[in-house]
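Geometric and topological summary
So the chains spell out like this:
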Amino acid sequence: MFSLLRRPSRVLAVMLALLLVTLTACNSSSGGSSGKEDALGPRIEGTSSANGAPVLQNGDSWDELGAASTNEGTRVYAIDREKAKEGISVGIQMVITSIPDSDDSGPGFEAQLTTPSGDTCATDSGGGGFSLSPRVFANALVAVRGDADAACVAADRLVLSITKTGSSKSTNQLRLRLSRLPESNPDDYEVPPSDEEATAPQLGAPTKAEPGTWLTDAQRIEPKKTMSGNIGSGETQTFKISLDWGEGLSFQTSFPQPAPSERDKIKKAELVPVINIIGANGGTVRFTVYASSTAANTRGALAPLGYNSDDDLNTLKGDFTVVISALSKKKTDAKLAYQLVVDKTGSADSKFGPEIAETASSSNTGDNRVWWSLLVIGAVLLVAGAGQVSLNRTHRR
């Protein structure tokens, strides 16, 4: 070691080697996950019953839901309250990777929040049934707030159950977002006025998009700034904007008519765009894309946020994410060009909701690798410094 310390270049080489080893080891410990998997948060493996169910962590996580009418077709999680009587909200998306045949409604699921003793606190369902446009997610949102039944408000633990419905034999990815809400009763806050005069923002000179793949890595965009990009079958691209209590949003997307050669490929593959908006609490709303002879277009809006809103999607302030996806019935390398512009509506005001502590996202794999790397470098420098001091003392003697 002392001979090594006499040559600083060797110390530097050792430090760089240790840094590389650390980054590789941390990547391996995360399952060699891609950036997309990091954005989804950590994997949590639910059980088929409440007995031994894993505890769902704050922020984002993911799991898999198996075939209907099997043990794997039910996933159960426990949610422990961090504060007495705090509100609990879970947004759920089940990923759908193909367009079902006309006589098939596609996979669906039911979600239920209960107390350990079986009191039902909230239920919702997603997917299945008739749909005007293809789904990339079957979605649901279950929440318990201060105005829920006393048993649900007082319970230290809640149980979340998700069960595949219908006859689907597929295995689908589940994406979960757990948010914690104040003890406040929604009736303590005013309902924000609906912004009926809000109009969709106009498309302008576009800026090339650098979209994310899910919620935490979504590209943050400015109001009224037009973004442009291209998307292929099976892809998801995401953009986010922050909303406060009293603020809503309006948006416009356009999918211009492609060149004739690309148009034929798109038509044969039946490639179509899908637009969703996912709220800060993980709730989802889907918008139908209307086609014309020159373009496919969607305009939509969300009402201003209020803790006392009738729409659960609007009951938590924070980042709202525009999710642009594409699906096709046949494999294709064709791309859809698009433009997107988003604007805020309404007016921010604290009278519409309580202070909300930001829920930390669980998708921090990349940050962990950085911290481990800094820790290793610090340790090497500490050892090198101690060794140098020892050498200096030896030379003085």
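This text gives an overview of the structure that appears in the document.

Quick look at the sheet that holds strand E18 (residues 318-327)
Across the sheet, five strands lie side by side as E10-E12-E18-E14-E15; this open sheet has mixed pairing. Because the sheet does not close on itself, it has two edges, and the strands there are strand E10 (219-220) and strand E15 (284-287).

Here we look at the nonpolar core
Counting 37 residues, the largest nonpolar core has Leu 249, Phe 320 and Ile 324 as its most contacted members. The contact partners of Leu 249, leaving out residues within four places of it in the chain, are Ile 241, Leu 243, Ile 277, Gly 300, Ala 301, Leu 302, Phe 320, Val 342, Asp 343, Lys 344 and Thr 345. Of all hydrophobic cores here, the second largest spans 27 residues; its members include Leu 56, Leu 65, Val 144 and Leu 178.

Regarding the pairing of strand E7 (residues 157-165)
It is a general feature of regular strands that their side chains alternate between the two faces of the sheet. Pairing analysis gives seven bridges linking strand E2 (residues 74-80) to E7, with the strands arranged antiparallel. Bridging across to E7, Tyr 77 finds its partner in Leu 160. Looking at chain direction, strand E4 (residues 108-114) and E7 are connected through seven bridges and run antiparallel. Considered in E7, the bridge of Gly 108 is made with Thr 165.

Observations concerning the pairing of strand E11 (residues 227-232)
Of all six residues that make up E11, five are buried, and the element is covered over most of its length. In this sheet, E11 lies alongside strand E9 (residues 207-208) in parallel orientation, the contact comprising two bridges. Among the inter-strand pairings, Lys 208 is bridged to a residue of E11, identified as Ser 228. Pairing of E11 with strand E19 (residues 335-346), which is carried by six bridges, proceeds in the antiparallel orientation. Residue Gly 232 lies in a different strand from E19, and its bridge partner there is Lys 335.

What about the environment of Ala 303?
Note that Ala 303 resides in the loop between strand E17 (295-302) and E18. Taking the C-alpha atoms as reference, Ala 303 lies 8.8 Å from Ser 250; in sequence the two are 53 residues apart.

Some thoughts on the sheet that holds E4
One open sheet accounts for four strands, arranged E2-E7-E4-E5; its pairing is antiparallel. The open sheet terminates on both sides in strands that have one partner only, identified here as E2 and strand E5 (120-127). When strand polarity is set aside, the average angle formed by the axes of neighbouring strands in this sheet is 15°.

A few points about the packing of aromatic side chains
This model, assessed by the stated rule, comprises six aromatic pairs. With a centroid separation of 6.4 Å and an interplanar angle of 75°, the aromatic rings of Phe 239 and Tyr 338 are classed as edge-to-face. Of this pair, Phe 239 sits in strand E12 (residues 236-243) while Tyr 338 sits in strand E19, placing them 99 residues apart in sequence. Across this residue pair, the class does not change: Phe 239 and Tyr 338 are buried. Ring geometry for Phe 255 against Tyr 338: centres 6.3 Å apart, planes inclined by 50°, an arrangement best described as tilted.

Regarding the side chain of Lys 164
Its place among the elements puts Lys 164 in strand E7. Within the buried set, Lys 164 has no salt-bridge partner at all; the shortest N-O distance to an opposite charge, 10 Å, is to Glu 64. Separated by 2.8 Å, the side chain of Lys 164 and the backbone oxygen of Gly 66 make a polar contact. Of the polar contacts made by the side chain of Lys 164, one reaches the backbone oxygen of Ser 170; its length is 2.9 Å. In this structure Lys 164 touches Leu 65, Gly 66, Ala 67, Ala 68, Gly 73, Met 94, Pro 107, Gly 108, Phe 109, Ser 170 and Asn 172, once residues within four positions along its chain are discounted.

Basis of the calculations
Residues numbered from 1 in each chain as written. Predicted model: local features only at pLDDT ≥ 70, side-chain atom pairs only at ≥ 80, totals over all residues. Heavy atoms only, no water. Pairing = 2+ DSSP bridges. Helix = DSSP H or I, 4+ residues; strand = E, 2+ residues; numbered from the N terminus. Core = buried A, V, L, I, M, F, W, Y, C linked by side-chain atoms within 4.5 Å. Buried < 20%, exposed > 50% of the residue type's maximum accessible area, 1.4 Å probe, protein only. Contact = heavy atoms within 4.5 Å. Axes fitted to C-alpha atoms, helices over the stretch in contact; angles between N-to-C directions. Phe/Tyr/Trp six-rings, centres within 6.5 Å; stacked < 30°, edge-to-face > 60°. Lys, Arg positive; Asp, Glu negative; His and termini not counted. Salt bridge = Lys/Arg side-chain N within 4 Å of Asp/Glu carboxyl O. Polar contact = N/O pair within 3.5 Å; in protein donor to acceptor, adjacent residues only side chain to side chain.

What is shown is where atoms sit, not what they do.
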